[in-house]
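Residue-level structural notes
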Amino acid sequence: TQHVTIEVREGGICLLDRCEISKSSVQGVVLYRGGVSVTMLGCKVLDCGSFLKTGAVMVSCGKAVIKDCVLENSRGDGLVVQDEDGTAHVDMSGCAIYKSAGNACVMYGGSGVLTDNNVQENCVGIGVHASHGSKLLSRRVSFVRNTIS
């Protein structure tokens, strides 16, 4: 078992097209340390994270475009945006986030547009936090036509 399956950092650009990522002990996909970009198309990220604050996809900087993907059975959170440098942004559409033990999606800063996603059977649906610890965060998130149950 790998700790992190895909890590993109320091200016990296990555396209994941119809990939299946499973059983990472920490995160399936991580964007980390400045200037990165990840596009995920039709991917499945399954059974990732072995403890809290882990899960399917973690965005701490850069831009993530996630379309028509499935994030399922995360033992932590499905999608985590934890903005470390003021650049974290997510565009997510047509995805399914199922059965996360934590949040389906949680945002500590950053920005994003989440459209036409199906969010079901998670411990917590969506979390948007204006601050993280003592750090004040002031970015914008839009949720459009998502099904949350």
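Being a predicted model, the structure only gives us computed values, none of them experimental.

Definitions and limits used
Residues numbered from 1 in each chain as written. Predicted model: local features only at pLDDT ≥ 70, side-chain atom pairs only at ≥ 80, totals over all residues. Heavy atoms only, no water. Helix = DSSP H or I, 4+ residues; strand = E, 2+ residues; numbered from the N terminus. Pairing = 2+ DSSP bridges. Axes fitted to C-alpha atoms, helices over the stretch in contact; angles between N-to-C directions. Buried < 20%, exposed > 50% of the residue type's maximum accessible area, 1.4 Å probe, protein only. Contact = heavy atoms within 4.5 Å.

Structural notes on unusual backbone geometry
For Lys23, which is not glycine, the phi dihedral falls at a positive 60 degrees. Within the fold, Lys23 resides in the loop between strand E3 (20-22) and strand E4 (27-32). Not every positive phi belongs to a glycine, and Asp47 is a case in point at roughly 55 degrees. Along the chain, Asp47 falls in the loop between strand E6 (44-46) and strand E7 (55-59).

Comments concerning the sheet that holds E7
With respect to topology, six strands assemble into an open sheet ordered E1-E4-E7-E10-E13-E16, the strand pairing being parallel. This sheet does not close on itself; its edge strands, each paired only once, are strand E1 (4-9) and strand E16 (124-129). Direction aside, neighbouring strands of the sheet carry axes that sit 5 degrees apart on average. The pairing of E4 with E7 spans four bridges and is parallel. From the neighbouring strand, Val29 faces E7, where its bridge partner is Val57.

Quick notes on the pairing of strand E14 (residues 111-115)
Within E14, four of the five residues are buried, leaving the element largely enclosed by the surrounding structure. Across five bridges, the pairing between strand E11 (residues 89-93) and E14 is parallel. Of the residues in E14, the one forming a bridge with Ser93 is Thr115.

With respect to the sheet that holds strand E2 (residues 13-17)
The sheet built from six strands is open, its strands ordered E2-E5-E8-E11-E14-E19 with parallel pairing. Unpaired on one side and paired on the other, E2 and strand E19 (141-144) mark the two borders of the sheet. The mean angle between the axes of side-by-side strands here comes to 5 degrees, regardless of whether they run parallel or antiparallel.

Examining the environment of Gly42
In this fold, Gly42 is placed in the loop between strand E5 (37-41) and E6. Accessibility expressed as a relative area gives 33% for Gly42, which makes it partly exposed. Taking the C-alpha atoms as reference points, Gly42 and Gly94, 52 residues apart in sequence, are found 9.4 Å from one another. The contact partners of Gly42, leaving out residues within four places of it in the chain, are Arg18, Cys19, Lys67, Asp68 and Cys69.

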